[in-house]
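# Structural features, examined
So the chains spell out like this:
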Amino acid sequence: EPEVTQTPSHQVTQMGQEVILRCVPISNHLYFYWYRQILGQKVEFLVSFYNNEISEKSEIFDDQFSVERPDGSNFTLKIRSTKLEDSAMYFCASRQHYGYTFGSGTRLTVV
Amino acid sequence: SQQGEEDPQALSIQEGENATMNCSYKTSINNLQWYRQNSGRGLVHLILIRSNEREKHSGRLRVTLDTSKKSSSLLITASRAADTASYFCATASDSNYQLIWGAGTKLIIKP
């Protein structure tokens, strides 16, 4: 069964550093998403991406965040200058119609 | 705004018993989805029910949707120890498919 692949599975970074979280969505999917889940809290929407541009973003997705689909297969989330409160599990997802497929997540720890 | 709210927050039952979890939401939806998450791991899509459907089955899972009450239930029959996980509902509206998540029910199956 097709999967959404996320790398790395864990990332530890120092506050103020830039991180790039990588995702390979399912190849024939058209819609791509990033969600995050702070430990013990709800999953929160960050951004959706369609037709090579952001279609929606949440209040969380401020100027420190950006997304790219650089080569038609990868879908990346960049955090320019990480803060302690960015520590969370970040999930990439893609969909073709109604159903989402989520990756297994990247656990980001900012120290 | 909070959309999906599950109850109970935690549920502990004996293996073999049935587990029922409920989800309520506030706004109109296109579909409602249930996901499972093992501790600290990825989100696994279980089942999607559209707003024009009332009940759906998948293996030992049964989902109901009552749009007049803005609520859904997930029933797991003949529970197994491996069903121990957190279960989340998430809703998608007609205007966008951004998922809005509940806080989850932590299910523990005692052997």
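Our subject is the structure that appears above.
Small disclaimer: the values here were computed from a predicted structure and weren't measured.

Calculation criteria
- Residues numbered from 1 in each chain as written.
- Chains lettered and ligands numbered in written order.
- Predicted model: local features only at pLDDT ≥ 70, side-chain atom pairs only at ≥ 80, totals over all residues.
- Heavy atoms only, no water.
- Contact = heavy atoms within 4.5 Å.
- Buried area = accessible area lost by both parts, 1.4 Å probe.
- Salt bridge = Lys/Arg side-chain N within 4 Å of Asp/Glu carboxyl O.
- Helix = DSSP H or I, 4+ residues; strand = E, 2+ residues; numbered from the N terminus.
- Buried < 20%, exposed > 50% of the residue type's maximum accessible area, 1.4 Å probe, protein only.
- Lys, Arg positive; Asp, Glu negative; His and termini not counted.
- Polar contact = N/O pair within 3.5 Å; in protein donor to acceptor, adjacent residues only side chain to side chain.
- Phe/Tyr/Trp six-rings, centres within 6.5 Å; stacked < 30°, edge-to-face > 60°.
- Lys NZ or Arg CZ within 6 Å of the ring centre and 35° of its normal.

### So, the interface of chain B and chain A
Interface size is commonly expressed as the accessible surface area that is lost when the partners come together. At the interface, 23 residues of chain B touch 17 residues of chain A. Approximately 1600 Å² of surface area, both sides summed, lies buried where chain B meets chain A, with 57% of it carried by carbon and sulfur atoms. Interface area lost by chain B to chain A is led by Leu43, Tyr97 and Trp101 of chain B, which between them contribute 34%. Taken together, chain B and chain A are joined by 0 salt bridges.

### Details of unusual backbone geometry
Cis geometry marks the peptide bond from Thr7 of chain A to Pro8 of chain A; its omega dihedral reads -10°. Mapped onto the elements of the fold, Pro8 of chain A is located in the loop between β1 (5-7) and β2 (10-13). Of note in the backbone geometry, Asn52 of chain A takes a positive phi value of approximately 65° without being a glycine. Structurally, the position occupied by Asn52 of chain A is in the loop between β5 (43-50) and β6 (53-57). One non-glycine residue, Ala78 of chain B, lies in the positive phi region at around 45°. Mapped onto the secondary structure, Ala78 of chain B falls in the loop between β8 (71-76) and β9 (85-92). In this structure Ala78 of chain B comes out as partly exposed when scored by relative accessible area, which is 39%.

### A few points about the side chain of Asp86 of chain A
Residues and elements named next belong to chain A. Within the secondary structure, Asp86 sits in the loop between β8 (75-79) and β9 (88-95). One buried charge, Asp86, has no salt-bridge partner; the nearest side chain with opposite charge is Arg36, at 4.1 Å. Polar side-chain contacts of Asp86 include one of 2.8 Å to the backbone nitrogen of Lys83.

### As for the packing of aromatic side chains
All told, the structure shown has 17 aromatic pairs over all chains when counted by the stated rule. Pairing Phe91 of chain A with Phe102 of chain A gives two aromatic rings, centres 6.4 Å apart and planes at 85°, and the pair type is edge-to-face. One end of the pair, Phe91 of chain A, is in strand β9; the other, Phe102 of chain A, is in strand β10 (residues 100-102), and 11 residues separate them in sequence. Take Phe102 of chain A: its relative accessible area is 9%, and that puts it in the buried class. Geometrically, the ring pair formed by Tyr100 of chain A and Phe102 of chain A is stacked, given 5.6 Å between the ring centres and 15° between the ring planes. By the ring-pair criterion, three or more aromatic residues cluster together here, those being Tyr33, Tyr35, Phe45, Phe91, Tyr100 and Phe102 of chain A together with Tyr35, Phe88 and Trp101 of chain B. Positioned over the ring face of Tyr31 of chain A is Arg95 of chain A, at 4.1 Å from the centre of the ring.

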